Amino acid sequence: MPITMEESSSGPPQSSRPQDKAPPTGVSADVKDMSILLEETESSGAPTKDDDSLLHPATNSSVLDEPSSTDQPSEVGRSRSSGLCFSDGKCRIDYVLVYRKSSPQSEKREVFERNIRAEGLQMEKESSITSSDVIFVKLHAPWEVLCRYAELMSVRMPFRRKFYYLHRRYRFMSRLEKKICRFRGWLPRKPMKFDDDTLPDLEEHESFTAPFSRQRIHHFIIHNKDTFFNNATRTRIVHHILQRVKYEEGKNKIGLNRLLSNNSYEAAFPLHEGSYRSRNSIRTHGPENQRHLLYECWACWGVWYKYQPLDLIRRYFGEKIGLYFAWLGWYTGMLFPAAVVGLLVFLYGVFTLDYCQVSKEVCQASDIIMCPLCDHYCPYMRLSDSCVYAKVTHLFDNGATVFFAVFMAVWATVFLEFWKRRRAVLGYDWDLIDWEEEEEDIRPQFEAKYSKKERMNPISGKPEPYQAFTDKCSRLIVSASGIFFMILVVIAAVFGIVIYRVVTVSTFAAFHWALIRNNSQVATTGTAVFINFCIIMLLNVLYEKVALFLTNLEQPRTESEWENSFTLKMFLFQFVNLNSSTFYIAFFLGRFTGRPGAYLRLINRWKLEECHPSGCLIDLFMQMGIIMVLKQTWNNFMELGYPLIQNWWTRRRIRQEFGQKAQASFPQWEKDYLLQPMNAYGLFDEYLKMILQFGFTTIFVAAFPLAPLLALLNNIIEIRLDAFKFVTQWRRPLPSQAKDIGIWYGILEGIGVLSVITNAFVIAITSDFIPRLVYAYKYGPCAGLGHAGERCMMGYVNATLSVFRVMDFESRSEPRTNGSDMFGEPVRYCRYRDYREPPDSADPYSYTLQFWHVLAARLAFIIVFEHMVFTIKNLIAYLIPDLPKDLRDRMRREKYLIQEMMYEAELERLQKERNEKKKSDRAHHNEWP
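Every residue gets a number counted from 1 within its own chain, in the order that chain's sequence is written. Under the rules for a predicted model, residues below a pLDDT of 70 receive no local features and side-chain atom pairs below 80 are neither given nor counted, while totals for whole chains, interfaces and linings still include all residues. As a rule here, side-chain values cover all heavy atoms of the structure and leave hydrogens and water aside.

**A look at the packing of aromatic side chains**
By convention, a stacked pair of Phe, Tyr or Trp rings (six-membered ring in the case of Trp) has centres within 6.5 Å and planes under 30 degrees apart, an edge-to-face pair has planes over 60 apart, and any other such pair is tilted. On inspection of all chains with the given rule, the structure shows 49 aromatic pairs. Judged by centre distance (5.6 Å) and plane angle (70 degrees), the ring pair of Phe-212 and Phe-229 falls under edge-to-face. One end of the pair, Phe-212, is in the loop between β6 (207–211) and α7 (225–228); the other, Phe-229, is in the loop between α7 and α8 (231–242), and 17 residues separate them in sequence. Taken as a pair, Phe-212 and Phe-229 share a single burial class, namely buried. Distance and angle both matter: a charge sits over a ring if NZ of Lys or CZ of Arg is within 6 Å of the ring centre and within 35 degrees of the ring normal. If you follow Arg-109 out to its NZ or CZ, it ends over the ring of Tyr-99, 3.9 Å from the centre. One cation-aromatic arrangement involves Arg-836 over Tyr-847; the distance from NZ or CZ to the ring centre is 4.3 Å. A run of H or I in DSSP counts as a helix once it spans at least four residues, and a run of E counts as a strand once it spans at least two, with each numbered from the N terminus. Using a 1.4 Å probe on the protein chains alone, a residue whose accessible area is under 20% of its type maximum counts as buried, one over 50% counts as exposed, and one in between counts as partly exposed.

As structure tokens, then:
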């Protein structure tokens, strides 16, 4: 049976901590001197050691047997079955600490637990069912402790229902709306919204909130002390206490995080609120608990098309996780118009394929012989052999590409600006408008490194460890050098991929299979992309270790500084690793190869790779498509597959040792301990993969218009994967507060700026949009007429191909065959993509005037496109306010009403006290003899 360590609900003695005075906010003042705490603990008769010999192995009957008189019978029975309370059935478990008896840090743990009891928290220990070495420490915060620390932490609590004034016009509109609603009753309900009648817990009554105060406790709505502070708030208060409790002498020996880092405790987590499954349907019997409700209306795969219950997520997991899912849902919703427009651009290419003059000329050019694409093994080929590639290229390189690039640049700005408004609405609804982060504690590593040198903190006014400016700069320089070196490693990996492409294109050209031999360039690109993906996944493991090393080398002062530094490094590494090969294909492939007879070579040996006769955009399309699909598939598998396999293995071991149905009868703390802990970096991995996907969706979208559609389909699955993982596979994370998504918003803005630049270069350099435009208005049949169309593109393919004399080939690049086996006679001249003079001209193989016209048009387009899009982006950002006008009015109105109601409530209290005093005085006068 569990051993109760402290069950007094009165908290610490009055002499040690007065109840009418809030404790100071400083950490050193929060905790009493160690000797005083030891005296209080020993005098109170509580055990002074973690006497594990007193602990009996926990059994399934260690939960409540008698219901509490203060709770409802159904709730108590549910708590008994799920193990959410102490053995007395009255004290709800707010936090659980786990340690092993074999741990050598017993003295620190003993002092820490004494000080926990001195803070007023109640404690109960119980040994694990599955392992006699594991001990669970269950913590409960009584009402007095919750009130004291809720006031200290300025927790906002409801104190009055919201009400609104209805004018006559609004009353008329309300009557009209009733008739409209009656008409809508005949229509089907919105399928993406939940039925509020079926799931009543999804709607909460709106109330005015204010920072909790014990002196004004009569102002707040308190129907039941057990439910006034919800579970997330109770957990946050207990965690706040644990982070400020000492475990050793010394000003820096404080906090639960340090005990977790030195293995004094193995785990610390709040409990899930029972099982997420139930034998009864939620539609008929209602939810068993909030976890069950979340599973049925959010994490279940059957509700993939429903809106997320953000208020319920926030109430269960806290504001920080709620904001992540709000941002993910907002991003997914904003992907709908981008996906639709991208799909329309792709369909436009499909429907106009038969009317494309360029692809027609390529398919009909059976008499045009193209020069070999590689040395020796690549044969001559007809231009018509690339007919399929020309048609595929038209699908995403057509007249709508420029419009889509501009649209996606504007879309990224609208997405970020409207997210600000959405965040403001959520901040108002979740009482985060006036919330400010507390002054963070210094990291233990920073204290240990710089404990000998101190200076006064300008905020707290207390001495703290100080890092000299020269030391900080030197560490930042070393860290920046490490980042630069790792970027060079990525470039080296891309260089290796380039060598692979150069070498294997000849190998595939000499392959004995005709299918691969005839499609040697496509085979080279496909295998190179797959190898590049494997290198990306391998380097990701290395990057995490390097980022950790460099971040710890910098010695950040606080946890938030450490997190921001680590996040920035990991994003840079992952972004460069994922997109470096894509940048090479987009801007370097086929740009510096030279010409036949004068090829530029790598290490004076290998000829650089050329683009396909239909252009380089098809290589970029394949690169993005394969990497995006493989990356998202791998992420989803690892995200859900790893915890599923780990939990399955744990359940298998439990079944082998204790029977088939043993785990179902375990108490809740045992079940949660067997689940997987949340990632060590919190939501970092969740944000990182979405931000990288956002980069894929925007940066090269001109070459891959289907990227938003793939991202949308992935995110619909991603939301349910994350929800299923949080609700069923992970221990319940600490409910934390946050006002925004943090440093990720700045990264999103940077990606939005980079996307404008890259799309401008992709359209101008990689695609054939500018050469076609120049030909249509300057060199085609419609030159000088001021208009262009498909008829004006006649002769474009011939104008973009230069002539080369076969006799001018270098000996090391001359083909093995002269083409007589394919064309019936030896080839004398072949064609290649470029703007050069013919071999019999006065200046053979020099650039033509058309080349310089195209180059000037490309540079002009980049400048005009960037300035135009940036102007539109800034104009949209200026026109869209960060705070909606109706929200601003509501905030001002409620601020005024709160002041009025607080004043009226105070007058009512004073009047009530005055009337009671008069009654007592009158009664005392009547008793006078």
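Following the structure, the description resumes.
**Quick notes on unusual backbone geometry**
Of note in this structure, Asp-431 is not a glycine but carries a positive phi near 60 degrees. In this fold, Asp-431 is placed in the loop between α16 (401–429) and α17 (444–450). Even without glycine at this site, Tyr-845 takes up a positive phi of about 65 degrees.

**Details of the nonpolar core**
Residues Trp-298, Phe-317, Trp-327, Tyr-331, Trp-411, Leu-620 and Phe-865 are the most contacted members of the largest nonpolar core, which totals 134 residues. In terms of residue count, the dominant contributor to this core is helix α13 (residues 319–351) (15 residues). Throughout, a contact is declared for two residues whenever any of their heavy atoms are within 4.5 Å. Leave out the neighbours within four places in its chain, and Phe-865 touches Val-402, Ala-405, Val-406, Val-756, Ala-760 and Ile-763. The next biggest cluster of nonpolar side chains, apart from the first, holds 41 residues, and it includes Leu-97, Met-157, Leu-256 and Met-901. In this text, buried Ala, Val, Leu, Ile, Met, Phe, Trp, Tyr and Cys residues form a nonpolar core when linked through side-chain atoms within 4.5 Å.

**Thoughts on the state of the cysteines**
Working definition: a disulfide is two cysteine sulfur atoms within 2.5 Å of each other. Counted under the stated rule, the structure contains 3 disulfides. The partner cysteine of Cys-363 in its disulfide is Cys-387, sulfur to sulfur 1.9 Å. Across the disulfide from Cys-363 to Cys-387, rotation about the S-S bond amounts to roughly 80 degrees, and the bridge is consequently right-handed. Taken together, the positions of Cys-363 in helix α14 (residues 357–364) and Cys-387 in helix α15 (residues 387–396) put the pair 24 residues apart, joining distant regions of the chain. The partly exposed category is assigned to Cys-363, whose relative accessible area is 24%. Here Cys-782 is linked by a disulfide to Cys-792, with a sulfur-sulfur distance of 1.8 Å. Between Cys-782 and Cys-792 the sulfur-sulfur dihedral comes to about -80 degrees; the bridge is accordingly left-handed. Of this pair, Cys-782 sits in the loop between α27 (769–779) and α28 (796–799) while Cys-792 sits in the loop between α27 and α28, and the two are 10 residues apart along the sequence. Here the two residues Cys-782 and Cys-792 agree in accessibility, since each one is buried. Not engaged in a disulfide, the cysteine Cys-297 finds its nearest cysteine sulfur in Cys-300; these two sulfurs lie 9.8 Å apart.

**Regarding the confidence of the model for the protein chain**
pLDDT: the predictor's confidence for each residue, scored from 0 to 100. Scored by pLDDT, the protein chain has a mean of 78; 81% of the residues are at 70 or more. Every residue in residues 1–49 is under pLDDT 50, and counting partners more than four places away or in other chains gives 93 contacts.

**A closer look at the environment of Ile-531**
Mapped onto the elements, Ile-531 comes out in helix α20 (residues 520–554). The partly exposed category is assigned to Ile-531, whose relative accessible area is 32%. Between the C-alpha atom of Ile-531 and that of Tyr-500, which follows or precedes it by 31 residues, the distance is 9.6 Å. Discounting chain neighbours no more than four positions away, the residues touching Ile-531 are Ile-497 and Tyr-500.

**Details of a nonpolar patch on the surface**
By definition, no residue in a patch forms a salt bridge, and every one has over 30% relative accessible area; like charges are joined within 9 Å, nonpolar side chains (Val, Leu, Ile, Met, Phe, Trp, Tyr) within 5 Å. Values of accessible area rely on a 1.4 Å probe in the Shrake-Rupley scheme; residue burial ignores everything except the protein chains shown. When a carboxyl oxygen of Asp or Glu is within 4 Å of a side-chain nitrogen of Lys or Arg, the pair counts as a salt bridge. Judged by side-chain polarity, Tyr-779, Tyr-847, Leu-849, Trp-852, Leu-855 and Leu-859 come together as a nonpolar surface patch covering roughly 590 Å² of accessible area. If you tally residues by element for the nonpolar patch, the top one is helix α30 (residues 849–879), at 4 residues.

**Focus on the packing of α27 against α30**
Fitted lines through C-alpha atoms serve as axes, helices being fitted only where they are in contact, and the angles separating the N-to-C directions of these axes extend from 0 to 180 degrees. Interhelical geometry of α27 versus α30 gives an angle of 120 degrees and a closest axis separation of 9 Å. In terms of orientation, α27 and α30 fall into the oblique class. In this structure, α27 crosses over α30, and the sense of that crossing is right-handed. Contacts between α27 and α30 involve Phe-769, Ile-770, Pro-771, Val-774, Tyr-775, Lys-778 and Tyr-779 from the former and Leu-849, Gln-850, His-853, Val-854, Ala-857, Arg-858 and Phe-861 from the latter. Should an angle lie under 35 degrees it is considered roughly parallel, over 145 roughly antiparallel, and from 65 to 115 roughly perpendicular; all remaining angles are considered oblique. Crossings are classed by handedness, with left-handed meaning an anticlockwise turn of the near helix from the far one by less than a right angle and right-handed meaning a clockwise turn.

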